[in-house]
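# Architecture and fold: a report
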Amino acid sequence: MTDRERLAVVTFVLVAALAGVIWLVMTDAPIVRFVIRLYRDKHFLKDTVAAWGWMAPLVFVTIQALQVIISPIPGEITGPVGGALFGTLWGLIYSTVGLTIGTLVCFGVGRRWGEPLVRPWLSEHHWNRMNFILEAEGAIICFILYLVPGFPKDIVSYLFGISPMPFWLFATVSTLGRVPGTWISSYFGAHVAEQQYIYAAAFLAAVLAICLPLYYYRERILRRFHRKKLDGNAKAS
């Protein structure tokens, strides 16, 4: 089978899957209502995962992986829920495993099928904003994008798959970049579960004091990366 035939098959499968999802949403299927509630209601998510008993860690890892692979699914509540269920350490470990799996799946999709498959799934805004990644090779850029809050890390993962960055370098750096934010989420969720609300609120305030400036300047960071890309292209020509 040629590359064009493989791409045609993959495109057909993805279009069919998308049509199935649209049909489920349009018919308001129970599975759609369940998934939406799962990712919007942290108490329902916690109860659902806990109900699996000894399999709860596996279920939680799967949920974390899916919220990376399926871009519209929000991941803000899953990290604290992991801390509330398993404590700070194991919440961090399980979240990291799930996020790493999801991130590497996105990278693998980008690496295997490239821009023709990834590009149509991204909005024009995200493509223009993040396409400098396609020429990224350095670990520093990767680390910063996964460390600083506010960047669409699921989209970033697909785009790094198209870049020349080696797989193992990406796997290592992206995982390390996610760890601080994942630890913060697990730590916060664990203390809320222990009803240490004042301590959790003070901790969250301290984190926000550090993260908000990074979030505020994220566009400047992107512009700097874009400038480096333009300068590199100018020198090459």
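Anyway, here's the lowdown on the structure attached to this text. (Residues numbered from 1 in each chain as written. Predicted model: local features only at pLDDT ≥ 70, side-chain atom pairs only at ≥ 80, totals over all residues. Heavy atoms only, no water.)

### Concerning the overall build of the protein
- Helix and strand counts for the protein come out as 11 helices and zero strands.
- Counting from the amino terminus, the protein carries its helices and strands in the arrangement α-α-α-α-α-α-α-α-α-α-α.
- Split into buried and exposed, the 237 residues of the protein put 37% on the buried side.
- The long-range share in the protein, meaning contacts at least 24 apart out of those at least 6 apart in sequence, stands at 73%.
- About 13,700 Å² of surface is accessible on the protein, with carbon and sulfur atoms providing 69% of the total. (Helix = DSSP H or I, 4+ residues; strand = E, 2+ residues; numbered from the N terminus. Buried < 20%, exposed > 50% of the residue type's maximum accessible area, 1.4 Å probe, protein only. Contact = heavy atoms within 4.5 Å. Areas by Shrake-Rupley, 256 points an atom, 1.4 Å probe, with all protein chains shown as cover.)

### Quick look at helix H8 (residues 153-162)
- By the criterion of burial, H8 is predominantly enclosed, with nine of the 10 residues buried.
- Among the residues of H8, those classed as buried are Lys153, Asp154, Ile155, Val156, Ser157, Tyr158, Leu159, Phe160 and Gly161.

### Quick word on the nonpolar core
- Judged by nonpolar contacts, the single largest core of 22 residues is most densely connected at Cys142, Leu159, Phe160 and Phe170.
- Of all the secondary-structure elements, those providing two or more residues to this core are helix H5 (78-118), helix H7 (139-147), H8 and helix H9 (167-193).
- Examining the composition of this core, we find that five residues originate from one element, H8, more than from any other.
- Those residues in contact with Phe170, other than ones at most four positions away along the chain, are Thr103, Leu104, Phe107, Cys142, Tyr146, Ser157, Phe160, Met165 and Thr175.
- One finds Val49, Val59, Phe60 and Ile63 within the second-largest nonpolar core, a separate group that totals eight residues. (Core = buried A, V, L, I, M, F, W, Y, C linked by side-chain atoms within 4.5 Å.)

### Re H9
- Taking 1.5 Å of rise per residue, 27 residues should cover 39 Å, and H9 covers 37 Å from first to last C-alpha, within 8% of that figure.
- Along H9, the helix axis deviates most sharply at Val179, where the bend reaches about 35°; the proline Pro180 sits within four residues downstream. (Expected span 1.5 Å × (residues − 1). Bend = angle between axes of the 7 residues up to and from the residue.)

### Observations concerning the packing of helix H4 (residues 56-69) against H5
- Here H4 crosses H5 at 50°, and the two axes come no closer than 7 Å. By the angle between their directions, the pair H4 and H5 is classed as oblique. As H4 packs across H5, the resulting crossing turns out to be right-handed.
- Classifying every residue of the contact of H4 with H5 by side-chain character gives 15 nonpolar, 10 polar and no charged. (Axes fitted to C-alpha atoms, helices over the stretch in contact; angles between N-to-C directions. Parallel < 35°, antiparallel > 145°, perpendicular 65-115°, else oblique. Left-handed = near helix turned anticlockwise from the far one by under 90°. Nonpolar A, V, L, I, M, F, W, Y, C, P; charged D, E, K, R; others polar.)

### A look at the packing of aromatic side chains
- Tallied over the full model, the rule gives 10 aromatic pairs.
- With centroids separated by 5.5 Å and ring planes inclined at 40°, the aromatic side chains of Phe160 and Phe170 adopt a geometry described as tilted. Note that Phe160 is positioned in helix H8 and Phe170 in helix H9, a separation of 10 residues in sequence.
- Site record: aromatic cluster; members linked through ring pairs are Phe107, Tyr146, Phe160, Phe167, Trp168 and Phe170. (Phe/Tyr/Trp six-rings, centres within 6.5 Å; stacked < 30°, edge-to-face > 60°.)

### A few points about the environment of Lys46
- Tracing the backbone through its elements, the reader meets Lys46 in helix H3 (residues 42-50).
- Setting aside residues up to four positions removed in sequence, Lys46 forms contacts with Val81, Ala84 and Leu85.

### What to know about a nonpolar patch on the surface
- A contiguous nonpolar surface patch, about 510 Å² in accessible area, is contributed by Leu89, Trp90, Ile93, Val97, Ile101 and Val105.
- Residue position: Ile101 is located in helix H5.
- Residue Ile101 is classed as partly exposed on the basis of its relative accessible area, which comes to 43%. (Patch = residues over 30% accessible without salt bridge, like charges linked within 9 Å, V, L, I, M, F, W, Y side chains within 5 Å. Salt bridge = Lys/Arg side-chain N within 4 Å of Asp/Glu carboxyl O.)

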